[in-house]
Amino acid sequence: MFETAAPGVGRLGIVFVNVFALGEPGGPWLLVDAGLAGSSGLIRRAAARRFGAGARPEGILLTHGHFDHVGAARDLADAWEVPLYAHPLEMPYLTGRSDYPPRDPTMGGAMAQMSRLMPDHGYDFGDRVRELSADGGVPGLPGWRWLHTPGHTPGHVSLYREEDGVLLAADAFATMNLDSWTAYVTRKRELSRPSPPFTFDWGTTRRSIEKLAGLEPEVLAAGHGLVMEGTRVAPELRDFARSFTPPRRGRYVGSPPVADEGGIEELPPPVPDPYARRAAGTFVVGLLLLALTRRRR
Ligand SMILES: [Zn+2]
Ligand SMILES: [Zn+2]
């Protein structure tokens, strides 16, 4: 079930990732991201409860094309017969032209270890995909605009409602520490860098966070973690941007891949993976923790 994150903003947590629904029952609404593969039934039931049986969104806005944000995109778009909207620079990964750069688990940490079994390929959603309108408008919701916040991926976008300072950051940053195993159970709210094994340009990531901090938002809803709100979140986000640190090591730290409208052009060479041997053990721990989280919802 969608829980209310702000007026007209519903958050649905699916294992470790969030899906958002924007809009009020009876009016136009938009789904933001599409969770993990296999979650279309869950999302459709939650949407029917919030907006009424048979209600269809204006579309599904994909903040970027990572597997945990587009998993049910095709099923939902087919069921509702609606378009998928994304930034032009994310198109190569949504229309079968390019895979993302290979995930990089060499920095270590919880997400890095779990990422070894996570997909890093692109998707082909064919002609379901449309480019977001260049004027920053969001389909059906005049109070919202999208902002290009690249770094995590080239065409990553965040959403902002100026009227009451609600920021949907997606994976520009996280509101939980994705590197910590216990954070997946405790859900402790904490401004944190986006998923390290899947983030490809740390300098650009930092500039995007600075841009978002400049908005002085009052509600922070990210792709991973619980919602943070109140007068303290704007200064916290500013401090976070100022002291932002990429992982100490990693294949793309210091030498990001080169990407253009066609997708990935150039990759830095692989680097040694000091955590590979520990991967099996940590993966079992990760599975147990995820099973626990699931039972708590
Ligand atoms: Zn992502
Ligand atoms: Zn994500």
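One can find the structure itself at the top, above this paragraph.
Explain the coordination of the zinc ion (ligand 1) to me, please; I cannot follow it from the model alone.
Six octahedral donors at a metal ideally form angles of 90 or 180 degrees, and four tetrahedral donors ideally form angles of 109.5 degrees. Each protein donor to the zinc ion (ligand 1) is listed here as His64 (NE2), His66 (ND1), His152 (NE2) and Asp171 (OD); together their distances run 2.1 to 2.3 Å. One can describe the donor arrangement at the zinc ion (ligand 1) as irregular, given that its four donor atoms subtend angles of 89 to 175 degrees at the metal. Of note, the donors binding the zinc ion (ligand 1) are all from one chain and are spaced H-x1-H-x85-H-x18-D. The metal-metal distance between the zinc ion (ligand 1) and the zinc ion (ligand 2) is 3.3 Å, with aspartate 171 coordinating both. Taken together, the residues span a long stretch of sequence, with histidine 64 in the loop between strand S5 (60-61) and helix H2 (67-70) and histidine 152 in the loop between strand S8 (144-148) and strand S9 (157-161) at a distance of 88 residues. Side by side, histidine 64 and histidine 152 carry an identical accessibility label, which is buried.

Sorry, what's going on with the coordination of the zinc ion (ligand 2) here?
Within the protein, Asp68 (OD), His69 (NE2), Asp171 (OD) and His224 (NE2) serve as the donor atoms for the zinc ion (ligand 2), at 2.0 to 2.7 Å. Of note is the zinc ion (ligand 2), whose four donor atoms meet at the metal with angles of 83 to 156 degrees in an arrangement that counts as irregular. All donors of the zinc ion (ligand 2) belong to a single chain; written as a sequence motif, their spacing is D-H-x101-D-x52-H. Exposure remark for histidine 224: the relative accessible area of 2% places this residue in the buried category.

I'm lost on the pattern of salt bridges in this one. Help?
Working definition: two side chains of opposite charge can pair if their charged atoms are close together. One pass over the structure, following the stated rule, counts ten salt bridges. For the salt bridge of arginine 116 with aspartate 273, the shortest nitrogen-to-oxygen distance reads 2.8 Å. You can see arginine 116 sitting in the loop between helix H5 (110-115) and strand S7 (129-131) and its partner aspartate 273 sitting in the loop between strand S14 (263-266) and helix H9 (279-296), a full 157 residues away along the chain. For glutamate 210, the salt bridge is made with arginine 206, and the minimal N-O distance between the two is 3.3 Å. In this pair, glutamate 210 and arginine 206 both sit in helix H7 (residues 202-213), four residues apart, roughly one turn of the helix. For arginine 206, a relative accessible area of 28% gives the class partly exposed.

How do you make sense of the sheet that holds strand S4 (residues 30-32) when you look at a structure like this?
Strand-to-strand pairing in sheets goes through backbone hydrogen bonds, with the strands running parallel or antiparallel. Spatially, seven strands are ordered S1-S2-S3-S4-S5-S6-S7 in an open sheet, and the strand pairing comes out mixed. Edge positions in the open sheet fall to strand S1 (3-6) and S7, since each of these has one partner strand only. Summarising the sheet, strand S2 (residues 9-14) and strand S3 (residues 17-22) pair through six bridges and their orientation is antiparallel. Within the sheet, the bridge partner assigned to glycine 13 lies in S3 and is asparagine 18. The strands touched by helix H1 (residues 40-51) are S1, S2, S3 and S4; relative to S2, the strand with the most contacts, the crossing angle is about 155 degrees.

Quick notes on the rules
Residues numbered from 1 in each chain as written. Chains lettered and ligands numbered in written order. Predicted model: local features only at pLDDT ≥ 70, side-chain atom pairs only at ≥ 80, totals over all residues. Heavy atoms only, no water. Donors = N, O, S within 2.8 Å, 3.2 Å for Na, K, Ca; no water. Tetrahedral: all angles 85-135°; square planar, octahedral: opposite > 155°, others 65-115°. Helix = DSSP H or I, 4+ residues; strand = E, 2+ residues; numbered from the N terminus. Buried < 20%, exposed > 50% of the residue type's maximum accessible area, 1.4 Å probe, protein only. Salt bridge = Lys/Arg side-chain N within 4 Å of Asp/Glu carboxyl O. Pairing = 2+ DSSP bridges. Contact = heavy atoms within 4.5 Å. Axes fitted to C-alpha atoms, helices over the stretch in contact; angles between N-to-C directions.

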